[in-house]
Amino acid sequence: ETGVTQTPRHLVMGMTNKKSLKCEQHLGHNAMYWYKQSAKKPLELMFVYSLEERVENNSVPSRFSPECPNSSHLFLHLHTLQPEDSALYLCASSQSMADRGGGYTFGSGTRLTVV
Amino acid sequence: TQLLEQSPQFLSIQEGENLTVYCNSSSVFSSLQWYRQEPGEGPVLLVTVVTGGEVKKLKRLTFQFGDARKDSSLHITAAQPGDTGLYLCAGAGSGGGADGLTFGKGTHLIIQP
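Residues numbered from 1 in each chain as written. Chains lettered and ligands numbered in written order. Predicted model: local features only at pLDDT ≥ 70, side-chain atom pairs only at ≥ 80, totals over all residues. Heavy atoms only, no water.

**Examining the overall build of chain B**
The helix and strand inventory of chain B stands at zero helices and eleven strands. In sequence order, the secondary structure elements of chain B are arranged as β-β-β-β-β-β-β-β-β-β-β. Computed over C-alpha atoms, the radius of gyration of chain B comes to 14 Å, within 12% of the 13 Å expected from 2.2 N^0.38 for 113 residues, which places it in the range of a compact globule. Counting all 113 residues of chain B, 45% fall into the buried class. Counting contacts in chain B only where the partners sit at least 6 residues apart, residues at least 24 apart contribute 55% of the total. Counting every atom, chain B has about 5300 Å² of accessible surface; 51% of that belongs to carbon and sulfur. Placing the 8 positive and 10 negative side-chain charges of chain B at their respective mean positions leaves the two points 5 Å apart. (Helix = DSSP H or I, 4+ residues; strand = E, 2+ residues; numbered from the N terminus. Rg over C-alpha atoms; globule rule 2.2 N^0.38 Å. Buried < 20%, exposed > 50% of the residue type's maximum accessible area, 1.4 Å probe, protein only. Contact = heavy atoms within 4.5 Å. Areas by Shrake-Rupley, 256 points an atom, 1.4 Å probe, with all protein chains shown as cover. Lys, Arg positive; Asp, Glu negative; His and termini not counted. Charge placed at Lys NZ, Arg CZ, Asp CG, Glu CD.)

So, in structure tokens, the structure goes:
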């Protein structure tokens, strides 16, 4: 399988649940990202990983916890979320963090609904 | 904070017509990218422009980067229903990349048969 794969595609969770989003890339890219896409808002950068090291935490609430065990996998652990956290969560990768000319490759996203 | 304003927000036209969408900022970007996103999918890169004044063509799509590298436009000739989607522009700052890409809110384009 090529490209960036995200699972699950859809997730409904209660505010007291704990769940994890998974992202996998088979492109040999060194940088991976989590973005949040909400209606009527631009994509919001949440986390940046370069060579498995977190380099950016964009003032994201602690109820979101990222993990990058190796250069191909990225997780977003969720706990005690709020209804306003409902959104499309997109994972992306790029050849390197500094070289953005080649663009990002996005996964299809996880549509999260918090009830 | 770098912001990208896209216009129009929504556009619905008939097949065969031409259209232009815009991406504007008060900030200078080292490069600017255009993506298309279809429902239920992630954005897909269409083009990257790097040099001020640069023009790139992708079949019926023409992309231009402003001379001052603050704005960009996307022109579609003879639009087809397959062009329907959300068009996003994204700018890269001059830093090392830890700030990711700055995205606009997008233009929702509908091409009616």
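**Examining the pairing of strand E2 (residues 10–13) of chain A**
All names here are of chain A. A one-sided burial pattern is seen for E2, the buried positions being Leu11 and Met13 and the unburied ones His10 and Val12. Judged from the four bridges that link them, E2 and strand E11 (residues 110–114) form a sheet pairing that is parallel. Each bridged residue has a counterpart across the sheet, and for Leu11 the counterpart in E11 is Leu112. (Pairing = 2+ DSSP bridges.)

**Looking at the interface of chain A and chain B**
With 23 residues of chain A at the contact, the number on the chain B side is 23 residues. The junction of chain A with chain B conceals about 1700 Å² of combined surface from both sides, 52% of it contributed by carbon and sulfur atoms. Summed over the shared surface of chain A and chain B, the number is one salt bridge. Of the charged contacts in the structure, one is a salt bridge between Arg9 of chain A and Glu41 of chain B, with a shortest N-O distance of 3.9 Å. Across the chain A-chain B interface, the total number found is seven residue pairs in polar contact (both at pLDDT 80 or more). (Buried area = accessible area lost by both parts, 1.4 Å probe. Salt bridge = Lys/Arg side-chain N within 4 Å of Asp/Glu carboxyl O. Polar contact = N/O pair within 3.5 Å; in protein donor to acceptor, adjacent residues only side chain to side chain.)

**Quick look at the sheet that holds strand E7 (residues 61–65) of chain B**
Strand pairing within a sheet occurs via backbone hydrogen bonds; the two strands may be parallel or antiparallel. All names here are of chain B. Strand order in the open sheet made by the five strands is E1-E3-E8-E7-E6, with antiparallel pairing throughout. Strands with a single pairing partner mark the edges of an open sheet, and in this sheet they are strand E1 (5–7) and strand E6 (55–58). Each adjacent strand pair in this sheet contributes to an overall mean axis angle of 15°, direction not counted. Relative to strand E3 (residues 19–24), E1 is paired through three bridges, and the arrangement is antiparallel. Residue pairing for E3: Glu5 is matched across the bridge by Asn24. (Axes fitted to C-alpha atoms, helices over the stretch in contact; angles between N-to-C directions.)

**Here's the deal with the confidence of the model for chain A**
In this model, chain A carries a mean pLDDT of 92, and residues with pLDDT of at least 70 account for 96%. No element of chain A has a lower mean pLDDT than strand E6 (residues 53–57) of chain A, at 81, and none a higher one than strand E1 (residues 4–7) of chain A, at 98. (pLDDT = per-residue confidence, 0-100.)

**A word on the environment of Gly91 of chain B**
Residue and element names in this part refer to chain B. By secondary structure assignment, the location of Gly91 is in strand E9 (residues 85–92). Placed twelve residues apart in sequence, Gly91 and Phe103 show a C-alpha to C-alpha distance of 6.6 Å. Other than its neighbours up to four places away in sequence, Gly91 contacts Leu4, Phe29, Ser31, Leu32, Gly100, Leu101 and Thr102.

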